[in-house]
Amino acid sequence: MQANLPPTSPMPALLQTIGWWLRPLGFMEKMRARYGTPFTMKLSGQGNFVVLTDPADIRALLTAPPEVLHPGEGAALLEPVVGPNSVILLDEGRHMEQRKLMLPAFHGDRMQRLTGLMAELTDRELDRWPLDQPVELHERLQALTLEIILRAVFGLDEGPRLDRLRELMPQILTFGESPVSLMPPLQRLMRGRGRFGRFERDRAQADVELYALIEERRQEGAGERDDILSMLLGARHSDGSPMADVEIRDELMTALVAGHETTASSLSFSFEQLARSPEVTERLASDDDAYLDATINEVLRRRPVLLIPEPRLVKQPFEVGGITYEPGVVLTAGAYLVHHDPAIYPDPYAFKPERFLERKPGTYTFLPFGGGRRRCLGASFAQLEMRIVLREAARRFTVSAAGPRTAPARRMITITPGDGARVVLHARRKARTDSGTKTSSRPASQAKVPSSGVVTSPEPIINARAASTASVIGLTSAND
Ligand code: HEM
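All of these numbers come straight from a predicted model, not from anything done at the bench.

### A word on the coordination of the iron atom of the ligand
In step 1: A lone protein donor binds the iron atom of the ligand: Cys-376 (SG), at 2.3 Å.
In step 2: Among the secondary structure elements, Cys-376 is positioned in the loop between α18 (355–358) and α19 (379–396).

Below, the structure written as structure tokens:
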């Protein structure tokens, strides 16, 4: 084992893993406060994770040659869902080849063509949101982001196949909630059994539908469709050959895994924040596009749903920040910590969209979508979707808090609002498509966003279970 790693806690790996798992924000903040950066997290079954936070180090990390660092290897646990051809699992030449096939489909200009469909699905979902009573928006936003992916990425039309996949996909995605999902050797042991067996049966049924869809669309030939599947059907490998059915299937599933929960949680955090920032909601209701984008950036800064982008496994000795890391160590960018560094973002715990009106997000200081040659392929897709949903919601509703702020909870590898984004919506005025009643806007919650700017976490605790574990492992922070 490498001797000169950055400092780590004396806590055994198991307790560090529990801290990282149950209370990830507090754990990272505490590590930074006690040991400085970079620091090392010892994670059971996953090895030594070195967390980098210096923008120059992050630049070196994200631009390292592909044979030196392997992000794909570290994501192997996703293989049962996404399949072996997934861009997320590959490294070096195969990764680049697959990424090139997908890039045009996700290009920003191309995304604009999906605006109409996204707006229609958003209207349909928002029409159903109840008013003047507490509502947990997270599950509704999950339904919306799933529908948008099935229609805009998978290219499904209304009908029995869409109905079937709408039911199967959430079941398949719960795979990630079981501990088996975290350990590939356990996955092999559990084949055909228990919850994993159920997952395999659901996946087989979904695959039948997906291969039938791909076949039908190949028969149909090139049409006028704007969905991602159409683009993938038209994509060509460097030798001119089309993508195989299994490659297309794997990349569709990759978009689902990478884009569903991430977007739903980012939107959920947006509403959690709007409930505490009435002035922001007011401004979003006007047609100020620059402010809308700044607000989305600020949500993604304050609540990056992936606290760290894909961890990079060192394959060849790699020097960064004066330390040469040996093969086997895992390096990662501490996105959440960078986003809450007062030297980079003054008053970092305050929610201030204006900061992104004053300056553009920095390539190595704004990391919700990671960076370099692994940067999120769906970033433009997700930003477009967030723009459409937030603008329409702000036009229709004012938002107030339904209770005290809770800390984010972990959901697989992402974080999500601990209370499911429980808010109260009030009708603002006649909506674009429905017959909502015209009412005056009501002041939103009095809850205040902390604005300390000091590097101790003002994050609230998650829940009793997490709090007691946190105290057992000595991780309660000043504000707990
Ligand atoms: C707000 C929503 C989203 C967030 C915060 C997010 C974040 C991320 C992050 C942090 C990475 C890893 C980047 C790295 O390690 O450098 C990633 C990769 C990826 N994301 Fe997203 N994502 C979002 C939405 C989406 C959507 C909607 C899609 C597709 C429809 C998508 C597709 C992908 C793919 C394919 C990759 C793998 C790229 C590669 O390995 O080359 N993401 N995303």
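### Section: the site of the ligand
In step 1: Taken together, 28 residues lie near the ligand, and His-95, Arg-99, Arg-312, Gly-371 and Cys-376 sit nearest.
In step 2: Measuring from an oxygen atom of the ligand, one finds a side-chain N or O atom of Arg-312 at 2.8 Å.
In step 3: One of the backbone N or O atoms of Gly-371 is found 3.0 Å from an oxygen atom in the ligand.
In step 4: Listed by contribution, the elements that provide at least two residues to the shell around the ligand are α6 (92–102), α14 (245–274) and α19.
In step 5: Tallied by class, residues from the shell around the ligand come to 14 nonpolar, nine polar and five charged.

### Quick notes on the packing of aromatic side chains
Between two aromatic rings, the relevant description is the distance of the centres plus the angle of the planes.
In step 1: With the rule as written, the count across this model stands at five aromatic pairs.
In step 2: Relative to Phe-397, the ring of Trp-129 has its centre 6.1 Å away and its plane inclined at 20°; by these criteria the two rings are stacked. Here Trp-129, found in the loop between α8 (115–127) and β4 (134–136), pairs with Phe-397, found in strand β9 (residues 397–401); they are 268 residues apart in sequence, far enough to count as distant.
In step 3: With relative accessibility at 4%, the residue Trp-129 sits in the buried group.
In step 4: Between Phe-196 and Phe-199, the ring centres sit 5.5 Å apart and the planes meet at 40°, which makes this aromatic pair tilted. Here Phe-199 and Phe-196 lie together in helix α12 (residues 194–220), a separation of three residues that amounts to about one turn. Residue Phe-196 shares its accessibility class with Phe-199, and that shared class is buried.
In step 5: Clustering of aromatic rings is evident, with ring pairs tying together Trp-129, Phe-271 and Phe-397.
In step 6: Directly above the aromatic system of Tyr-345 lies the positively charged group of Arg-301, at a separation of 5.2 Å from the ring centroid.
In step 7: Sitting over the face of the ring of Trp-20, Arg-410 holds its NZ or CZ atom 4.7 Å from the ring centroid.

### Brief notes about the sheet that holds strand β1 (residues 39–43)
In step 1: What the five strands build is an open sheet, ordered β1-β2-β8-β5-β3; its pairing is mixed. The two strands at the open ends of the sheet, each matched to only one other strand, are β1 and β3 (69–70).
In step 2: Seen against the sheet, helix α2 (residues 24–35) touches β1 and β2 (47–52) and runs at an angle of roughly 135° to β1.

### What about the confidence of the model for the chain?
In step 1: On average, residues of the chain score 88 in pLDDT, and 87% of them are at 70 or above.
In step 2: In the predicted structure, residues 431–457 sits below a pLDDT of 50 and forms 61 contacts with residues beyond four places in sequence or in another chain.

### A word on the environment of Met-243
In step 1: Along the chain, Met-243 falls in the loop between α13 (228–234) and α14.
In step 2: Residues Met-243 and Leu-101 lie 142 residues apart in sequence; the distance between their C-alpha atoms is 8.3 Å.
In step 3: If we ignore the near neighbours within four places in the chain, the residues touching Met-243 are Gln-98, Leu-101, Arg-218, Leu-232, Ala-235, His-237, Ile-248 and Glu-251.

### Observations concerning the pattern of salt bridges
In step 1: Evaluated as defined, the whole model comprises 36 salt bridges.
In step 2: The salt bridge partner of Arg-166 is Glu-147, with a shortest N-O separation of 2.8 Å. Of the two residues, Arg-166 sits in helix α10 (residues 160–173) while Glu-147 sits in helix α9 (residues 137–153), which places them 19 residues apart along the sequence.
In step 3: Of the residues examined, Arg-166 reaches a relative accessible area of 28% and is grouped as partly exposed.

### What about α2?
In step 1: An ideal rise of 1.5 Å per residue puts 16 Å on 12 residues; α2 measures up with 16 Å between its terminal C-alpha atoms.
In step 2: Counting buried positions along α2 yields nine of 12 residues, so the element is predominantly enclosed.
In step 3: For α2, the set of buried residues is Pro-24, Leu-25, Gly-26, Phe-27, Met-28, Glu-29, Lys-30, Met-31 and Arg-32.

### So, the side chain of Asp-91
In step 1: Examined against the element boundaries, Asp-91 turns out to sit in the loop between α5 (79–82) and α6.
In step 2: For Asp-91, the side chain forms a polar contact with the main-chain nitrogen of Gly-72, separated by 2.8 Å.
In step 3: Not counting the four nearest positions on each side in its chain, Asp-91 is found in contact with His-70, Pro-71, Gly-72, Glu-73 and Arg-374.

### Describing the nonpolar core
In step 1: Leu-137, Phe-154, Met-169, Tyr-325 and Leu-331 are the most contacted members of the largest nonpolar core, which has 127 residues in total.
In step 2: Element by element, the count of residues in this core is highest for α19, at 10 residues.
In step 3: Non-local contacts of Leu-137, meaning those with residues more than four positions away in its chain, are made with Trp-129, Phe-271, Gly-420, Ala-421, Val-423 and Leu-425.
In step 4: One finds Leu-78, Val-82, Ile-88 and Leu-89 within the second-largest nonpolar core, a separate group that totals five residues.

### A short note on the pairing of β2
In step 1: The buried count for β2 comes to five of six residues, which makes it a mostly enclosed element.
In step 2: In this sheet, β2 lies alongside β1 in antiparallel orientation, the contact comprising five bridges. Looking at the pairing, Phe-39 lines up with Val-51 of β2.
In step 3: In this antiparallel pair of consecutive strands, β1 and β2, the connection spans three residues, and Gly-45 shows a positive phi of 75°.
In step 4: The pairing of β2 with strand β8 (residues 330–333) spans four bridges and is classified as parallel.

About the cut-offs
Residues numbered from 1 in each chain as written. Predicted model: local features only at pLDDT ≥ 70, side-chain atom pairs only at ≥ 80, totals over all residues. Heavy atoms only, no water. Donors = N, O, S within 2.8 Å, 3.2 Å for Na, K, Ca; no water. Helix = DSSP H or I, 4+ residues; strand = E, 2+ residues; numbered from the N terminus. Near = heavy atom within 4 Å. Polar contact = N/O pair within 3.5 Å; in protein donor to acceptor, adjacent residues only side chain to side chain. Nonpolar A, V, L, I, M, F, W, Y, C, P; charged D, E, K, R; others polar. Phe/Tyr/Trp six-rings, centres within 6.5 Å; stacked < 30°, edge-to-face > 60°. Buried < 20%, exposed > 50% of the residue type's maximum accessible area, 1.4 Å probe, protein only. Lys NZ or Arg CZ within 6 Å of the ring centre and 35° of its normal. Pairing = 2+ DSSP bridges. Contact = heavy atoms within 4.5 Å. Axes fitted to C-alpha atoms, helices over the stretch in contact; angles between N-to-C directions. pLDDT = per-residue confidence, 0-100. Salt bridge = Lys/Arg side-chain N within 4 Å of Asp/Glu carboxyl O. Expected span 1.5 Å × (residues − 1). Core = buried A, V, L, I, M, F, W, Y, C linked by side-chain atoms within 4.5 Å.

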